[in-house]
Amino acid sequence: MIALDDLDRRMLRLLAGDASLSAGALGRSLGLSQPAAWRRLKRLRDAGAIARHRLDLDLPALGFGVTVFLGITLAAKGRVSLADFERAVSAIPEVQTVQHVLGLYDYRLRVVARDLSDFERVLRRRIMTLPGVGAVDANVLLSEERLPGPL
């Protein structure tokens, strides 16, 4: 675990809002020179505090108007290889995230589709045919707000 000071936390909050900020822009916002901001940023990356940069796509603008969260319960625990299930579900392009969870379900999936009939096609032809799938519970996303991280 890396020790963070107030400047590190402020830098991470800025990057959480816009991961494309340059070291110069970060420095201006934090009252640091560009080289000082770059060194701090490099230290955070090298320490693993920044794992990756991600592109946040506007899914409705790209034609994906429906997002559904699925809770998947495997039919035969212990008889189905979790790795086989994870490999198969990860190969479905409409599945954005695969989370192995503890609780009511074995897995939670975030699935995008063009519309509800497209989602039904993905569910019936791709997800329900995966190895070991037993029960499936669906929740359609109505709206989503981005919450700031823990820093």
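Everything discussed here concerns the structure shown above.
All of the points below concern the structure found in this document. Since this is a predicted model, take the numbers as computed values, not measurements.

**Focus: helix H5 (residues 116-127)**
Turning to step 1, where the next piece is worked out: All of the buried residues in H5 are Asp 118, Phe 119, Val 122, Leu 123 and Ile 127. The buried residues of H5 occupy an angular sector of 140° when projected down its axis, which confines them to one face. Those residues of H5 that are exposed and aimed more than 90 degrees away from the buried face are Ser 117, Arg 124 and Arg 125.
Turning to step 2, where the next piece is worked out: In this structure, the buried side of H5 is in contact with strand S1 (66-74), strand S3 (107-113) and strand S4 (133-140).

**Brief notes about the sheet that holds S1**
Turning to step 1, where the next piece is worked out: Taken in spatial order, the four strands line up as S2-S3-S1-S4 in an open sheet, and their pairing is antiparallel. Every interior strand has two partners, whereas the edge strands, strand S2 (95-100) and S4, have only one. Adjacent strand axes in the sheet meet at a mean angle of 20° when their direction is disregarded.
Turning to step 2, where the next piece is worked out: This element, helix H4 (residues 82-90), spans S1, S2, S3 and S4 of the sheet and lies at about 165° to S2.
Turning to step 3, where the next piece is worked out: Along the sheet, H5 contacts S1, S3 and S4; its crossing angle with S1, the most-contacted strand, is approximately 25°.

**Considerations on the pattern of salt bridges**
In a structure, side chains of opposite charge can pair up when their charged atoms sit close to one another.
Turning to step 1, where the next piece is worked out: Taken as a whole, this structure holds eleven salt bridges when the rule is applied.
Turning to step 2, where the next piece is worked out: For the salt bridge of Asp 5 with Arg 40, the shortest nitrogen-to-oxygen distance reads 2.9 Å. Here Arg 40 lies in helix H3 (residues 34-46) and Asp 5 lies in the segment before helix H1 (6-17), a separation of 35 residues in the sequence.
Turning to step 3, where the next piece is worked out: Among the ionic pairs, Arg 121 bridges to Glu 94, the shortest N-O distance being 3.5 Å. With Arg 121 in helix H5 and Glu 94 in the loop between H4 and S2, the pair connects residues that are 27 residues apart, well separated along the chain.
Turning to step 4, where the next piece is worked out: Through salt bridges with shared partners, one network takes in Asp 5, Asp 8, Arg 40 and Arg 43.

Conventions we followed
- Residues numbered from 1 in each chain as written.
- Predicted model: local features only at pLDDT ≥ 70, side-chain atom pairs only at ≥ 80, totals over all residues.
- Heavy atoms only, no water.
- Buried < 20%, exposed > 50% of the residue type's maximum accessible area, 1.4 Å probe, protein only.
- Helix = DSSP H or I, 4+ residues; strand = E, 2+ residues; numbered from the N terminus.
- Arc of directions from axis to C-beta.
- Contact = heavy atoms within 4.5 Å.
- Pairing = 2+ DSSP bridges.
- Axes fitted to C-alpha atoms, helices over the stretch in contact; angles between N-to-C directions.
- Salt bridge = Lys/Arg side-chain N within 4 Å of Asp/Glu carboxyl O.

Note that all results are geometric; they support no functional claim without further evidence.
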